[in-house]
2 protein chains.
Amino acid sequence: MRKISGSTVRRLSLYLRFLEQFDALGKTTISSAELARRGATTSAQVRKDLSFFGSFGKRGLGYSVPELTARLRDILGLKRTYRVVLVGAGRIGGALVQYPGFRQRGFHVAAIYDRDPRKVGSRWNGLVVRDVRHIVGDLKKEPTDIAIVVTPADAAQDVTDQLVQGGVKAILNFAPIRLAVPADVVVKSVNMALELETLSFALANR
Amino acid sequence: MRKISGSTVRRLSLYLRFLEQFDALGKTTISSAELARRGATTSAQVRKDLSFFGSFGKRGLGYSVPELTARLRDILGLKRTYRVVLVGAGRIGGALVQYPGFRQRGFHVAAIYDRDPRKVGSRWNGLVVRDVRHIVGDLKKEPTDIAIVVTPADAAQDVTDQLVQGGVKAILNFAPIRLAVPADVVVKSVNMALELETLSFALANR
DNA sequence: TTCTGTGAATAGGTTCACAGCT
DNA sequence: AGCTGTGAACCTATTCACAGAA
């Protein structure tokens with residue numbers, strides 16, 4: 001497939017949310033202009049984004065809400081559910097385990113790991129925290145595509161190596177380091193402090 | 001000032017982190033190539049990013065670590081501390097209140113608000129949760145530049161309007177809606193489910 | 001007539017490559 | 001000799017504008 005930019009993918013996710021909202025309102029048809037207004041972009045951008053994957057609209061009419069919803073879910077890989085493991089039973093980990101947005105979208109946090117013996121065995125949102133030393137064995141028994149790394153920086157690379165060894169193919173990383181992974185593994189890093197710094201930059205440079 | 005792209009700002013934040021690490025190792029000088037290696041970019045990119053703000057290096061030598069650190073802290077608006085208020089005393093709010101990365105960078109979470117009477121009055125990391133109805137009055141007494149919105153979607157716009165009324169100029173938004181704000185207020189939205197969807201897209205389109 | 005789909009034009013961001021300072 | 005600073009070249013993303021389907 002042709003190379004799709006990250007910003008296109010993010011917009012597709014947004015369009016999908018808007019479509020779900022439109023569907024809830026009982027609308028059956030939507031134009032690129034309406035999607036654009038919601039997404040703070042342009043109608044041409046919406047049409048271009050969609051055009052990378054085919055032509056789903058009807059000229060003079062717009063897009064069928066249920067049809068485009070289905071196509072976007074398909075494009076974004078959301079027609080299936082994902083088993084997700086979470087490594088790091090700290091505050092952020094705890095918040096993510098019960099984050100409703102994940103389950104709604106088919107991302108099921110199925111296991112939590114930590115290295116701290118005081119945390120191992122405790123319950124988090126119905127899941128028993130397991131010792132991280134079991135992780136490779138567990139992953140081999142229960143194939144898992146996605147992991148969320150919420151460990152301190154010093155543990156993150158080691159954990160990542162074990163995740164890769166266990167067959168994980170995508171990692172959402174909250175640790176403030178760049179993770180080294182083989183070419184067939186995708187990493188997406190989120191860094192809250194960095195987000196705040198884009199704000200302080202904006203405040204300082206008005 | 002000339003328009004600086006978001007990706008340049010993000011890279012500057014990263015360079016600052018690397019510089020701090022180099023400083024801790026006792027290095028006093030660093031080349032654009034070394035910064036590039038750490039940041040998974042190119043030396044030309046590093047130099048170009050810096051060149052928007054001046055010329056801080058010495059030809060043949062590289063950059064002085066303490067000097068460039070100071071310049072970046074200045075550029076990113078990190079020479080001062082920021083009073084930050086957090087709205088929404090849920091799981092994610094709780095995790096963010098004690099997130100060490102914020103305080104390290106000079107972002108001080110100084111107050112937490114919630115609308116739920118059962119949460120109001122409880123203690124979170126040493127702070128007493130206040131009723132959100134006091135927020136405008138509090139902000140007028142204690143001018144605050146940055147707010148973090150961690151409420152459910154249905155409350156986020158209302159809270160945002162109050163923050164703006166109270167003089168907040170930058171908002172880090174975790175609620176899954178686009179916030180409407182006046183032109184002089186910056187909003188940066190973070191959406192975890194959307195990040196996971198970029199991963200499922202990558203898995204589905206290999 | 002309305003709104004899509006898409007080449008062409010434009011804008012924006014990245015990389016190249018080299019002159020010039022240390 | 002080594003590494004910066006920066007125009008120019010290149011590449012990618014967005015916007016324009018219009019032909020064509022409903």
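Residues numbered from 1 in each chain as written. Chains lettered and ligands numbered in written order. Predicted model: local features only at pLDDT ≥ 70, side-chain atom pairs only at ≥ 80, totals over all residues. Heavy atoms only, no water.

K.L.:
Looking at this structure, how should I read the overall build of chain A?
P.N.:
A tally of helices and strands in chain A yields nine helices and ten strands. Within chain A, the fraction of its 206 residues that count as buried is 50%. When contacts within chain A are restricted to residue pairs at least 6 apart in sequence, long-range pairs at least 24 apart make up 54% of them. Accessible surface for chain A amounts to roughly 9800 Å². Of this, 51% is attributable to carbon and sulfur atoms. Separation between the mean location of the 32 positive side-chain charges and that of the 18 negative ones in chain A comes to 6 Å. (Helix = DSSP H or I, 4+ residues; strand = E, 2+ residues; numbered from the N terminus. Buried < 20%, exposed > 50% of the residue type's maximum accessible area, 1.4 Å probe, protein only. Contact = heavy atoms within 4.5 Å. Areas by Shrake-Rupley, 256 points an atom, 1.4 Å probe, with all protein chains shown as cover. Lys, Arg positive; Asp, Glu negative; His and termini not counted. Charge placed at Lys NZ, Arg CZ, Asp CG, Glu CD.)

K.L.:
Explanation requested: the packing of aromatic side chains in the structure shown.
P.N.:
Two numbers describe a pair of aromatic rings. These are the distance of the centres and the angle of the planes. Evaluation of the coordinates by the stated rule reveals six aromatic pairs over all chains. Plain terms: the ring middles of Tyr82 of chain B and Phe107 of chain B are 5.4 Å apart, the flat faces sit at 25° to each other, and that makes the pair stacked. With Tyr82 of chain B in strand β4 (residues 82-87) and Phe107 of chain B in strand β5 (residues 107-114), the pair connects residues that are 25 residues apart, well separated along the chain. With respect to burial, Tyr82 of chain B and Phe107 of chain B carry one shared label: buried. Each ring, one from Tyr99 of chain B and one from Phe102 of chain B, has its centre 4.8 Å from the other, and the planes form 75°; the classification is edge-to-face. Overall, Phe102 of chain B belongs to the buried group, its relative accessible area being 1%. Here Arg38 of chain A stacks its cationic end above the ring of Phe22 of chain A, 4.9 Å away from the centre of that ring. The aromatic ring of Tyr82 of chain B is capped on one face by Arg80 of chain B, whose charged end is 3.9 Å from the ring centroid. (Phe/Tyr/Trp six-rings, centres within 6.5 Å; stacked < 30°, edge-to-face > 60°. Lys NZ or Arg CZ within 6 Å of the ring centre and 35° of its normal.)

K.L.:
When you look at the protein's contact with DNA strand C in this model, what are you seeing that I'm missing?
P.N.:
The full set close to DNA strand C counts 23 residues, and Ser32, Arg47, Gly57, Gly60 and Tyr63 of chain A are the nearest of them. Considering the 4 Å shell around the protein, atoms of DNA strand C inside it are sugar or phosphate in 58% of instances. Residue Phe56 of chain A places a main-chain N or O atom 3.0 Å away from a phosphate oxygen belonging to DNA strand C. Take Arg59 of chain A: an N or O atom from its side chain is 2.9 Å from a sugar or linking oxygen of DNA strand C. Among the secondary structure elements, those contributing two or more residues to the surface near DNA strand C are α3 (43-51), β2 (57-58) and β3 (62-64) of chain A together with α1 (6-24) and α3 (43-51) of chain B. When residues of the surface near DNA strand C are assigned to their parent elements, the largest contribution, four residues, is made by α3 of chain B. Of the residues contributing to the surface near DNA strand C, the split by class is four nonpolar, eleven polar and eight charged. (Near = heavy atom within 4 Å. Polar contact = N/O pair within 3.5 Å; in protein donor to acceptor, adjacent residues only side chain to side chain. Nonpolar A, V, L, I, M, F, W, Y, C, P; charged D, E, K, R; others polar.)

K.L.:
Is there a simple way to think about the protein's contact with DNA strand D in this case?
P.N.:
Among the 23 residues in the neighbourhood of DNA strand D, the closest are listed as Ser5 of chain A together with Ser32, Arg47, Gly57 and Tyr63 of chain B. Put simply, 60% of the atoms of DNA strand D that lie within 4 Å of the protein are in sugar or phosphate. Arg47 of chain A has a polar side-chain atom sitting 3.3 Å from a base nitrogen of DNA strand D. Between Gly57 of chain B and DNA strand D, the recorded distance is 2.8 Å, taken from a backbone N or O atom to a phosphate oxygen. Taken together, the elements giving at least two residues each to the surface near DNA strand D come down to α1 (6-24) and α3 of chain A together with α3, β2 (57-58) and β3 (62-64) of chain B. Among the elements that take part in the surface near DNA strand D, α3 of chain A stands out by supplying four residues, more than any other.

K.L.:
I'm lost on the relation of the copies chain B and chain A in this one. Help?
P.N.:
Think of it as a corkscrew move, a rotation about one axis and a shift along it, taking one chain copy to the other. Under the fitted operation, chain B is carried onto chain A by 0.0 Å of movement along the axis and a turn of 180°, and the coordinates agree to an RMSD of 0.1 Å. Look at the turn and shift together and you get a two-fold axis relating the two. Looking at chain B, 100% of its interface residues are interface residues in chain A too, so the copies touch through the same face. (Least-squares fit on C-alpha atoms with pLDDT ≥ 70 in both.)

K.L.:
Help me out: how do you make sense of the domain arrangement of chain A in this one?
P.N.:
Many structure descriptions define interface size as the accessible area lost when the parts assemble. For chain A, the domain assignment lists domain 1 (6-74) and domain 2 (82-194). Between domain 1 of chain A and domain 2 of chain A, the C-alpha centre-to-centre distance is 32 Å. (Domains from an automatic or database assignment.)

K.L.:
When you look at the interface of chain B and chain A in this model, what are you seeing that I'm missing?
P.N.:
Tallying the contact residues gives 56 residues for chain B and 56 residues for chain A. Contact between chain B and chain A buries roughly 5200 Å² in total, counting both sides, with carbon and sulfur atoms accounting for 70%. Looking at the side of chain B facing chain A, the largest losses of area belong to Leu196, Glu197 and Phe201 of chain B, adding up to 13% of the total buried there. The tally of links between chain B and chain A comes to eight salt bridges. At the level of secondary structure, the elements contributing two or more residues to the side of chain B that touches chain A comprise α1, α2 (32-38), α5 (91-97), α6 (100-104), β9 (170-173), β10 (186-189) and α9 (192-204) of chain B. At 13 residues, the largest contribution of residues to the side of chain B that touches chain A is made by α9 of chain B. Classifying every residue of the side of chain B that touches chain A gives 32 nonpolar, ten polar and 14 charged. (Buried area = accessible area lost by both parts, 1.4 Å probe. Salt bridge = Lys/Arg side-chain N within 4 Å of Asp/Glu carboxyl O.)

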